[in-house]
Amino acid sequence: MRRLLLLVAAGILSATSGVRAAADGYEDARRGMLEAVRRLVADTRVETGRAALAPEVMRALEAVPRHEFVPSGLVARAYENRPLPIGHGQTISQPYIVALMTDLLEAGPDRVVLEVGTGSGYQAAVLAELGARVYSVEIIPPLAESAKRRLDRLGYRDVAVRLGDGYYGWPEHAPFDAIIVTAAAGHVPPPLVEQLAPGARMVIPVGPRFAVQHLLLIEKGHEEGEVFTRNILPVRFVPLTGDH
Ligand code: SAM
């Protein structure tokens, strides 16, 4: 107990609901992944306006055991800076994109965040490591189920996962301080804009299916109907599906 308290005081463990990937044999691999993310962030600084990401975002990335979120056959590649298949035609996003979108969201402690597209649960875990309360919606039943079980097993108590069409958000928990959409929409879903709190941010890829899309940063103003949009980067995401 005394040792745990000392570690918390030294900032090595967080007091949030996250699990902090401690000594699990993947520390070097995770550090290598962070280095790759840092390099790509620097290389894309002109487009994104960011030469580096917030230190707490990098720490959150370092805390999550990504190898727990990929299929068993891909564990050896879990810390490569690339997306990987997770079954059902879906992917766990590239660590760089997860880090950049998390940074853009500015989702710190006690912020209430909606994620559309739970997938493996990795992005939700990164947000939880920042101290956010995460509500995540997934449309594919087996993915929703396995993400729920995985996040539970790893101790991410501040993530709730629901099966459904995230186009419509999660109105019971709105308004949100931040919304992250991890599948490409043909347009910005009006229910999501509605569920943003005044001053809150949404990060969402928008564009055609299976082609290059635009990663948009949307900010809801404090005046009625005020919405500001910034185009951050060309990206490629799997499509947002559903009957909307
Ligand atoms: N955030 C995920 C992670 O950390 O592993 C990766 C997300 S993957 C790129 C996109 C996910 O969005 C898929 O799991 C897909 O099933 C889901 N999805 C697609 N359309 C959806 C919708 N309308 N509502 C909720 N989830 C959706």
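Below you will find a few notes about this structure. For clarity, every value in this text was computed on a predicted model and none was experimentally measured.

**Examining the site of the ligand**
Inspection of the region around the ligand gives 27 residues, with Ser-120, Glu-138, Asp-165, Gly-166 and Thr-241 positioned closest. One of the backbone N or O atoms of Gly-166 is found 2.8 Å from a nitrogen atom in the ligand. The protein chains hide 99% of the 610 Å² of surface that the ligand would expose on its own. With respect to the pocket detection grid, the ligand is positioned in the largest pocket. Contributions of two or more residues to the shell around the ligand are made by β2 (90-92), β3 (112-116), α6 (122-129) and β4 (133-138). For the shell around the ligand, the element with the most residues is β2, which contributes three residues. Considered class by class, the residues forming the shell around the ligand number 11 nonpolar, 13 polar and three charged.

**Quick notes on the environment of Leu-151**
Relative to the helices and strands, Leu-151 is located in helix α7 (residues 141-154). For Leu-151, a relative accessible area of 2% gives the class buried. Distance in space between the C-alpha atoms of Leu-151 and Leu-74 is 19 Å, their sequence separation being 77 residues. In this structure, Leu-151 is in contact with Phe-69, Gly-121, Ala-125, Tyr-156, Val-159 and Val-161, ignoring residues within four places of it in sequence.

**Observations concerning the nonpolar core**
Counting 55 residues, the largest nonpolar core has Leu-61, Phe-69, Tyr-122, Tyr-156 and Leu-215 as its most contacted members. Every residue in contact with Phe-69, bar those within four places of it in the chain, is listed here: Val-64, Ile-86, Ile-92, Ser-120, Gly-121, Tyr-122, Ala-125, Arg-150, Leu-151, Leu-154 and Tyr-156. Val-112, Ala-185, Leu-192 and Val-206 belong to the second largest nonpolar core, which has 23 residues in total.

**Points about the packing of aromatic side chains**
One pass over the structure, following the stated rule, counts five aromatic pairs. Taking 5.7 Å as the distance between ring centres and 40° as the angle between the ring planes, the aromatic pair formed by Tyr-26 and Tyr-79 counts as tilted. Of this pair, Tyr-26 sits in the loop between α1 (2-9) and α2 (27-43) while Tyr-79 sits in the loop between α4 (55-63) and β1 (84-87), and the two are 53 residues apart along the sequence. The exposure class assigned to Tyr-26 is partly exposed, which follows from its relative accessible area of 24%. Residue Tyr-79 is classed as buried on the basis of its relative accessible area of 8%. Looking at Arg-66, its charged tip hangs above the ring of Tyr-122, at a distance of 5.2 Å from the centre.

**Concerning the pattern of salt bridges**
Applying the stated criterion across every chain, the model contains 12 salt bridges. Lys-148 is the partner of Glu-145 in a salt bridge, and the nearest nitrogen-oxygen pair spans 3.8 Å. Highlighted residues: Glu-145 and Lys-148, both in helix α7, separated by three residues, approximately one helical turn. Take Lys-148: its relative accessible area is 37%, and that puts it in the partly exposed class. For Glu-219, the salt bridge identified is with Arg-201, shortest N-O distance 3.7 Å.

**Quick word on the pairing of strand β8 (residues 213-220)**
Sheet topology places strand β7 (residues 196-206) next to β8; six bridges connect them, and they run antiparallel. Paired with Val-206 across the bridge in β8 is His-214. In the sheet, β8 pairs with strand β9 (residues 227-235) via eight bridges, with the strands oriented antiparallel. Bridge pairing in β9 places Ile-218 opposite Thr-229. The turn joining β8 and β9, which pair antiparallel and follow one another in sequence, is formed by six residues; a positive phi near 80° is taken by Gly-225.

**Regarding α7**
The first and last C-alpha atoms of α7 sit 20 Å apart over 14 residues, in line with the 20 Å expected at 1.5 Å per residue. Of the positions making up α7, those classed as buried are Leu-143, Ala-144, Ala-147, Arg-150, Leu-151 and Leu-154. Down the axis, α7 shows its buried residues gathered within 135° of arc, on one side only. Across α7 from its buried face, at more than 90 degrees, point the exposed residues Arg-149, Asp-152 and Arg-153.

**Remarks on the sheet that holds β7**
Read from one edge of the open sheet, seven strands run β5-β4-β3-β6-β7-β8-β9, paired in mixed fashion. Across the chains shown, the open sheet's two edge strands, defined by having one partner strand only, are β5 (159-163) and β9. Averaged over all adjacent pairs, the angle separating strand axes in this sheet is 15°, with direction ignored. Here helix α5 (residues 95-105) sits on the sheet and contacts β3, β6 (176-181), β7, β8 and β9; the angle it forms with β7, its principal contact strand, is near 160°. Across the sheet, α7 is in contact with β4 and β5; its angle to β5 comes to roughly 165°.

Cut-offs applied
- Residues numbered from 1 in each chain as written.
- Predicted model: local features only at pLDDT ≥ 70, side-chain atom pairs only at ≥ 80, totals over all residues.
- Heavy atoms only, no water.
- Near = heavy atom within 4 Å.
- Polar contact = N/O pair within 3.5 Å; in protein donor to acceptor, adjacent residues only side chain to side chain.
- Areas by Shrake-Rupley, 256 points an atom, 1.4 Å probe, with all protein chains shown as cover.
- 1 Å grid on protein atoms, 1.4 Å probe; cavity = no way out; pocket = protein on both sides within 12 Å on 5 of 7 lines; lining within 4 Å.
- Sits in = over half its atoms within 2 Å of the grid points.
- Helix = DSSP H or I, 4+ residues; strand = E, 2+ residues; numbered from the N terminus.
- Nonpolar A, V, L, I, M, F, W, Y, C, P; charged D, E, K, R; others polar.
- Buried < 20%, exposed > 50% of the residue type's maximum accessible area, 1.4 Å probe, protein only.
- Contact = heavy atoms within 4.5 Å.
- Core = buried A, V, L, I, M, F, W, Y, C linked by side-chain atoms within 4.5 Å.
- Phe/Tyr/Trp six-rings, centres within 6.5 Å; stacked < 30°, edge-to-face > 60°.
- Lys NZ or Arg CZ within 6 Å of the ring centre and 35° of its normal.
- Salt bridge = Lys/Arg side-chain N within 4 Å of Asp/Glu carboxyl O.
- Pairing = 2+ DSSP bridges.
- Expected span 1.5 Å × (residues − 1).
- Arc of directions from axis to C-beta.
- Axes fitted to C-alpha atoms, helices over the stretch in contact; angles between N-to-C directions.

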